[in-house]
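Chains, contacts and geometry: an overview
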Amino acid sequence: MKIINFSLTFLAASSLAIIALTGCEQKKSETATSSSSSNTAAVANNSCGASPAGDLVAQRIPGANSKRSEYSLYEGAVWIKDALYFSDFVTSGIFPSRIQKLDANGVMTTLIEDSGSNGLAVDAKGNIVAATHKFKSLSSYTLAGARTALAGEYNGNVFNSPNDLTIAKDGTIYFTDPDYQRDAAPGGQEKTSVYRVAIDGTVTVVDDTLKNPNGIALSLDEKILYVSSGDGILHAYPIENGIPQAGKNLVTGLAGPDGMTLDCHGNIYATEHMAHQVRVITPSGESIAAISVDNKITNAAFGGSQGKTLFLTGAGAVWKIELDVTGLPY
């Protein structure tokens, strides 16, 4: 595998890739000017479809069932162009991981055999940005498999096991660093933390008081950073002048909260690992729907031809459900 070392600032130069969400015209990634205006429009625009309500059930995609002989988890779903990409890792040893591609016909192939990855996102060039426990860092992968080393340490030490990440429109990256896959490689941090990576590569701590922070996402207007933690809490951090401030508890009592995504109304689709469901939560913290699956769940992403298919990853499976609302690709 080719290793390329260059600055994280390419994210700022090219901003974020354009990924249209049909109906609400919300774009997860695009130029700073147009992204700001469309984000604002998306929050107020009711034409992007109706939010889900009540109890719903997602169905397995048969072609995505794990072919491993040992227990594995799928993680970090991200929709890029016309396919879903996700990490597929074993939960023992040094947690070997690969990136799988699931096409629109439900056929799964391996994109990168040894990615060492967990959570995934997409950058301006359409590359996969990954939280990589194998390297105890963030990494960027082209769809041809070339790796770029991104943020690799804080205060002279590598991270524990980067888990999930989200990218702002200006290229700033936020990621969580629990200790779930700490044994994947030597070294680590004294605390489990949430980090911010500026466009010049500078790493700072957002919060080092959380026990195993996990899922992470930005609100549509990028004024709030959402983080789930191992104690069952969904936290909300207001962002002022690009810097997250002290957070508050938005929702408590979640059953093993993991990854999340948002729809074009700003609703949060928070996965509950142990409850085998996604809880749909309004920006004010009200639960309006639950989408259940038949096994442990890890993450969520909108995709499909209309941007209205919600894909869910978990214990050796991918589920999907067609909704009336569009959403973000990770």
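Because the structure is predicted, anything quoted here is derived from the model rather than measured. (Residues numbered from 1 in each chain as written. Predicted model: local features only at pLDDT ≥ 70, side-chain atom pairs only at ≥ 80, totals over all residues. Heavy atoms only, no water.)

A few points about the sheet that holds strand β15 (residues 173-177)
What counts here: We treat two strands as partners when DSSP finds at least two bridges between them. Secondary structure elements follow DSSP: runs of H or I of four or more residues count as helices, runs of E of two or more count as strands, with numbering from the N terminus. Note on geometry: axes are lines fitted to C-alpha atoms, helical ones only across the stretch in contact, with angles between N-to-C directions running from 0 to 180 degrees.
The antiparallel open sheet is built from four strands, whose spatial order is β14-β15-β16-β17. Strands with a single pairing partner mark the edges of an open sheet, and in this sheet they are β14 (165-167) and β17 (203-207). Averaged over all pairs of adjacent strands, the angle between strand axes in this sheet comes to 25°, irrespective of strand direction. As defined by bridge partners, β15 adjoins strand β16 (residues 193-197) across five bridges and the pair is classed as antiparallel. Bridge pairing in β16 links D177 to S193.

Digging into the pattern of salt bridges
Put simply, the rule is: Within this document, salt bridges are pairs made up of a side-chain nitrogen of Lys or Arg and a carboxyl oxygen of Asp or Glu, the two lying within 4 Å of each other. Relative accessible area decides the class of each residue, using a 1.4 Å probe on protein chains only: under 20% of the type maximum gives buried, over 50% gives exposed, and in between gives partly exposed.
One pass over the structure, following the stated rule, counts nine salt bridges. The partner of E222 in a salt bridge is K169, with the nearest N and O atoms 3.4 Å apart. Of the two residues, E222 sits in the loop between β18 (213-218) and β19 (224-229) while K169 sits in the loop between β14 and β15, which places them 53 residues apart along the sequence. Judged on exposure class, the residue E222 and its partner K169 are both buried.

Some thoughts on the packing of aromatic side chains
Each aromatic ring pair is characterised by the separation of its centres together with the angle its planes make. Cut-off, in case you're wondering: Here is the rule: rings of Phe, Tyr and Trp (six-membered ring for Trp) pair when centre to centre is within 6.5 Å. Planes less than 30 degrees apart are stacked, more than 60 are edge-to-face, and the remainder are tilted. Over a ring means this: the NZ of a Lys or the CZ of an Arg is within 6 Å of the ring centre and within 35 degrees of the ring normal.
The full count for this structure, using the stated rule, is seven aromatic pairs. On the basis of an interplanar angle of 85° and a centroid distance of 5.0 Å, the ring pair of F159 and F175 is categorised as edge-to-face. Separated by 16 residues along the polypeptide, F159 in the loop between β13 (147-149) and β14 and F175 in strand β15 bring together distant segments of the chain. With a relative accessible area of 0%, F159 lands in the buried category. Between F159 and Y195, the aromatic rings sit 4.9 Å apart at their centres with planes inclined by 65°, giving edge-to-face as the arrangement. One end of the pair, F159, is in the loop between β13 and β14; the other, Y195, is in strand β16, and 36 residues separate them in sequence. Using a relative accessible area of 1% as the deciding quantity, one classes Y195 as buried. Members of the aromatic cluster, each reached through a chain of ring pairs, are Y154, F159, F175 and Y195. The ring of F135 has R147 lying over it, and the distance from NZ or CZ to the ring centre is 3.6 Å.

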